[in-house]
Amino acid sequence: MSTKMKAIISFFLGFILLPAARAQTDQVWAFGNRAGLQFAKGSPEPIVSNSSSNEGCASVADNEGRLLFYTNGSTIWNAQHNIMPNGDNLTMLGESTRSTTQGALIVPQPGDKDKYYVFSLTSFEMGPMYGRLYYSLVDMRLNAGTGGVIQKGVLIDSNLTEKMTAVKGRICNIWLLVHARSSNVFRAWELTSNGIGKSPVTSEAGAGRNYDVGVLKSSFNGKTLASCNGITTGLELYEFNGRTGVVSNARMLDDGKYYGIAFSPDDSKVYATSSPAGYLYQFDLTAPDTAARKTVIGASPFSDLKKGPDGKIYLAGTDNGSLSVIERPNLPGLACQFRPNAIQLLPTTSMSSGLPNNIVVLQRDTFYSSKTLTAGCWASAYILTADYTDEHWGHVWSNGDQGPQLKADTPGRYWVSYYTAACNLHIDTFRLSFPYGKLPHTITSPACRTDSNGSATATTYAGDTVSYLFIWKDGQDNIVSLSNELTNAPAGYYKMQVRTSLGCDTVLIIEIPKRDDRVSFTVSDSISCLGDTITFQNSSGSQFTSFVWDFSDGRTSTLPSTVHLYEQGGSYSIMLAGSGSICKDTAYKTIQVDQPAAISFFKDKAECCMGTEVQFNPTTGASSTITTVTWSWGDGNTFHTTEATPTLHSYTVAGTFFIDCSARFRACDDITYRDSIIVHSLPIVDLGADTFLCRRAAPIVLQNRAAQPNSLGRYFWNTGDTSYSLSVTQAGTYSLQVQSGTPDCSSSANITIREDCRFDIPNVFTPNSDGINDYFLPRQLLSRGVTKFKM
C-alpha cells in the first residue's frame, strides 16, 4: 500500500472516530454579583459563583455541560470558583472590564479542544485606556484539568467601543467582531487552528452612531448582525459574510435608544431592551411593514438578553434579585409569553445589566451516507458526485483524487470525505457495479494511402464478463466482419454494431484513418538542354526503404537518389516507386529535354529600294522549344516574337544591311543566323514651285532641277513624253516620274501652272484706312510683285 493511500485511510478513520455528541458549552452561567444559573436538569437553577461584574462577563462548560471557568474580562475563575493560576489582572489595568457592555468573551481555539481564548475589552470609564482589546489563552490540561493561563494580556486592537461578539465562520473558522469608536467601521479578527489573524478585515457599514454602550449580537445562522446604542440612538441590522468577515448592507430597524439584544432561536425576531430602563420590545423581521414589526412586550430594566440552552430568552427582572423569561420567543407579539421576574436568584447574589456573552463552538459533526449505484448500458465510466450542500470544500476520494466528483471506470466501493459549513465532516460511500457491460473501446490501425491494410479491434475491459455480438459494415452497409476485429480494410468510416444478451444495443462510427506516407522527389531542372545531367533527389518519408526509378527512356535505377543523362530531346514522365514495412507509394513528375535545331531565314528580295517592304521567312528544325525569336534589321531597329513566323520590314536609308535572326530556347543556348540586303536610294525629282503663264507669251520649260540633262534615269511625264524636259504653253498640273537603278527605284513630283497677267483698275477708291479700296492701283499686277507702273 502506498504512503499516500495509508495517509488517506488514516485521515478517513480519524474522522470516523470523532465524537458526535452536541456540545453543552452554554449549560452554566456566571454573572453579576456572585450570581449564576445552571441548566443541567433542563430548567434553570440559581447557583452561587464568585462573579464580580456589572456588565461584561462570560462562562463556558465542557461538552457534557460541566462548568470549566468564567470571567469578567479582568479575572478568570475555575470550576471550583477559585482564581485560575495566572488568571488575575488580565489587562494589567486592574478591574478595567467589569463595566464594559461586552467586556469579556470566551472563544474555544479552533482545532484544539483544550484551549480557550479569553478576550478582554476595557470600559468607557478607563478614559485614555478605553477601548483596548486584549487576549489571554487558557489551557485546560493544566492543574489536574482545572486549567491555567499560559498567555496573558496580549494587546491586539484599540480605540474601540464597548461592543464585542463572536460569530461562527463558514470554513472551520470563528470571527471576533468589534466596532471602532467614532466611525461606522467594523473589524473582524479571524480565528483558525493557526491562531489569530495578523490583521482584521475592516468594513464600513451603518450610520456610524452606534457607539459605546450597547451590545453587538449575531443571529444563530451567523448571517445577520444587530447593533444598538444606549447613549445616542439607533438599532441597526447588517449582513455578515462568514467566509470573508465582511459586514455590509446596513438597515435601520428602529431609531430609539437600546442596550441589550437577542435573536429568537429561529432568527425571525429581535428582542431589545430600551435605554434608559423602560421596556422590552419585539421586532418581527418577517412583518410586512415597519408599523407591524415593533411590539411592546413588557417592562424591563437596563439589561442584556441571552438565549438559554432551553430555547428561552432571559433578561434582568425589575429588581436586581430576579430574571425575567421569554418563554416562546419564536412567536410574534405577546404570544411569545413574557414572564417578568420568573426566576429568583439565591440570597447574597444579584445581577446588574450584563449576562454572559454568547459562546461559539465549532461543532465538528460527522455525517454519513451510502448509495448503491448501477451503471447503465455501455457505461465505460460513472461520475460519482458527493452529496454536498452549497458550501463545501476539502473533497478527498478513496483513491486520493480531489474535488466533488470522481470518474469511476471499474466496479467497487468508493468513498469521499469533505467539509460543509461551518465545520461538519461528511463521508459519502458509493457501491458501483457495471452489470450491463461497458462499451468496448476500439483500437484502430491506419491504412496506407494506396493499400487496404487498416484494422480495428473492439476490446472489452478487464473483469468484464458480459457477452458481446459485433457486426461491422462499410460505407455501403455491406457486412465486412462479424467478430470484434476488422482487418484488411481501406481507410474510411465503418459502422460497428454491438449487442449484449441483456438488451443493450448500439451502433458506433469507427474511423480507420489514412496514413499519409508519401513517396516524393525533386528534380534539379524540370526543363533542361540535351547533354545536361539531371539530378533526381529523393524526398520520401522515412517509412520507405527501397526504391525503383523509371526514367521513361528505357532505363531504371534502384538508388535512393540519382542523376541521369538523356540522349534525345523530348518530354519524359519520371516515376519513383517506394516501398517500406507498411506502405507502398508511387510519385510522378514530367520533365522536358530541349534539343535545339539550327535557325535560318530567306527573304523575298536580295535588293530593294528605300521604303519597300521586304518579307523575311524564318525556318527551324523539328524542335518546338523556341521561346523567343529576335530580329535585328541592321538599321538600329529590332523586333521580338514568340514564334518563328514570317515578318516584314522596310528601310529608310540606302546601304548594305546585315540581318540577325536569333532563337532563344527554354534551357539551351541561343542560336543566331545572319544574312544581308542591299537597299538602293530613290532618285530626287524637283520641278520647282507652282507658277503662271500669260496668253500669247513664251512657253514655260519644265525639267528635273535635281539632275543634269545627261544624268542616268528614265523620265515619264503625265503627258506621255519621256524626254528630259517639257515645254508648257497651257495652264494645268504636270507630273514627272523618274526611274533609275536595278531594281527600278522611282520618285515623282508635281507642279501646277495657272493662267494670270490680267489686271483690274478700280473706278473709285476710298482712302479711309478701312481696308477696302484704300489705294488707286492695278491690283492684279501689284499681287504679282509689280512695283512701278504708268497710266
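See the structure printed just above.
A short note on the overall build of the protein chain
Counting secondary structure elements, the protein chain contains 3 helices and 64 strands. Against the 2.2 N^0.38 benchmark of 28 Å for 791 residues, the protein chain shows a C-alpha radius of gyration of 62 Å, more extended than a compact globule. C-alpha atoms of the protein chain, sized along the principal axes, occupy 180 × 105 × 50 Å. The proportion of buried residues among the 791 residues of the protein chain is 45%. Accessible surface computed for the protein chain: about 38,000 Å², of which carbon and sulfur atoms make up 50%. Here the protein chain contributes 63 positively and 69 negatively charged side chains, and the mean placements of these two sets differ by 6 Å.

Re the state of the cysteines
Tallied over the entire structure, the rule returns 5 disulfides. Through a disulfide, cysteine 377 is tied to cysteine 504; the S-S separation comes to 1.9 Å. Across the disulfide from cysteine 377 to cysteine 504, rotation about the S-S bond amounts to roughly -70 degrees, and the bridge is consequently left-handed. Highlighted residues: cysteine 377 in the loop between strand S28 (366-374) and strand S29 (382-385) and cysteine 504 in the loop between strand S40 (492-500) and strand S41 (505-512), separated in sequence by 127 residues. Classification of cysteine 504 as buried rests on a relative accessible area of 2%. Between cysteine 609 and cysteine 745 runs a disulfide, and the two sulfur atoms are separated by 2.0 Å. Handedness here is read from the sign of the S-S torsion; for cysteine 609 and cysteine 745, about -90 degrees, the answer is left-handed. Placement of the pair is cysteine 609 in strand S52 (residues 607-609) and cysteine 745 in strand S64 (residues 745-755), with a sequence separation of 136 residues. Taken as a pair, cysteine 609 and cysteine 745 share a single burial class, namely buried. Left unpaired, cysteine 336 is separated from the closest cysteine sulfur, that of cysteine 228, by 18 Å.

A few points about the pairing of strand S31 (residues 405-408)
Side chains of S31 alternate between two faces, with Leu406 and Ala408 buried and Gln405 and Lys407 left unburied. The sheet contact formed by S29 and S31 spans 4 bridges and is antiparallel. Paired with threonine 385 across the bridge in S31 is glutamine 405.

Brief notes about the pairing of strand S26 (residues 322-326)
Summarising burial for S26: 5 of the 5 residues are buried, a large majority. Hairpin connection of strand S25 (residues 313-316) to S26: 5 residues between the antiparallel strands. By the bridge criterion, 4 bridges tie S26 to strand S27 (residues 338-344) in an arrangement that is antiparallel. Bridging across to S27, serine 322 finds its partner in glutamine 344.

A closer look at the sheet that holds strand S38 (residues 479-481)
Across the sheet, 4 strands lie side by side as S38-S37-S40-S41; this open sheet has antiparallel pairing. The open sheet terminates on both sides in strands that have one partner only, identified here as S38 and S41. Recorded for the sheet is a direction-independent mean angle of 35 degrees between the axes of neighbouring strands. Judged from the 8 bridges that link them, S40 and S41 form a sheet pairing that is antiparallel. By the bridge assignment for S41, glutamine 497 is matched with valine 507.

Here's the deal with the pattern of salt bridges
Opposite charge on two side chains allows them to pair when their charged atoms are near. Inspection of the entire model under this criterion finds 27 salt bridges. In this structure, lysine 269 and aspartate 284 form a salt bridge, with 4.0 Å as the shortest nitrogen-oxygen distance. Of this pair, lysine 269 sits in strand S21 (residues 269-274) while aspartate 284 sits in strand S22 (residues 278-284); the two residues are 15 residues apart in sequence, bridging distant segments of the chain. Here lysine 269 matches aspartate 284 in class, with each residue buried. In this structure, the salt-bridge partner of aspartate 675 is lysine 603, at a minimum N-O distance of 2.8 Å. With aspartate 675 in strand S58 (residues 671-680) and lysine 603 in strand S51 (residues 600-603), this residue pair connects regions lying 72 residues apart in the sequence.

Overview of the side chain of aspartate 114
Tracing the backbone through its elements, the reader meets aspartate 114 in the loop between strand S7 (104-108) and strand S8 (115-121). Among the polar contacts listed, one links the side chain of aspartate 114 to the side chain of lysine 113, at a separation of 3.5 Å. Other than its neighbours up to four places away in sequence, aspartate 114 contacts Val138, Asp139, Met140 and Arg141.

Here's the deal with the environment of glutamate 236
Take glutamate 236: it is sitting in strand S18 (residues 235-240). Judged by its relative accessible area of 4%, glutamate 236 is buried. When the C-alpha positions of glutamate 236 and lysine 495 are compared, they lie 71 Å apart, and in sequence the two are 259 residues distant.

Quick notes on the sheet that holds S51
If you trace the 3 strands from one edge of the open sheet to the other, you get S51-S53-S56, paired in antiparallel fashion. Edge positions in the sheet fall to S51 and strand S56 (647-649), since each of these pairs with one other strand and no more. Averaged over all neighbouring strand pairs, the angle between strand axes comes to 30 degrees, with direction disregarded. Note that strand S53 (residues 614-619) and S56 share 3 bridges and pair antiparallel. Counterpart to phenylalanine 616 in the pairing with S56 is threonine 647.

Rules used in this analysis
- Per-chain numbering applies: the sequence of each chain, read as written, is numbered from 1 onward.
- Residue-level local features of this predicted model are given only where pLDDT is at least 70; pairs of side-chain atoms are given and counted only at 80 or more, and the full residue set underlies all totals for whole chains, interfaces and linings.
- Side-chain figures throughout are based on the complete set of non-hydrogen atoms in the structure, without hydrogens or water.
- By the criteria applied, helices consist of DSSP H or I runs no shorter than four residues and strands consist of E runs no shorter than two, each listed in order from the N terminus.
- With the radius of gyration taken over C-alpha atoms, the globule rule is written as 2.2 Å times the number of residues to the power 0.38.
- Partly exposed describes any residue whose relative accessible area lies between the buried limit of under 20% and the exposed limit of over 50%, with all areas from a 1.4 Å probe on protein chains only and scaled to the type maximum.
- The Shrake-Rupley method, run with a 1.4 Å probe sphere, supplies the accessible areas, and residue values consider only the shown protein chains as cover.
- Charge assignment in this entry is limited to Lys and Arg as positive and Asp and Glu as negative, and neither His nor the chain termini are counted.
- Lys charges are placed at NZ, Arg charges at CZ, Asp charges at CG and Glu charges at CD.
- The definition used for a disulfide is geometric: two cysteine sulfur atoms within 2.5 Å.
- Pairing between strands requires that DSSP locate at least two bridges from one strand to the other.
- Only the stretch in contact is used when a helix axis is fitted, and all axes are lines through C-alpha atoms; the angle between N-to-C directions ranges over 0 to 180 degrees.
- Every case where a carboxyl oxygen of Asp or Glu lies within 4 Å of a side-chain nitrogen of Lys or Arg is listed as a salt bridge.
- Under the rule applied, a polar contact is a pair of N or O atoms within 3.5 Å (in protein, one hydrogen donor and one hydrogen acceptor; residues adjacent in sequence only if both atoms are side-chain atoms).
- In what follows, a contact means two residues having at least one pair of non-hydrogen atoms within 4.5 Å.

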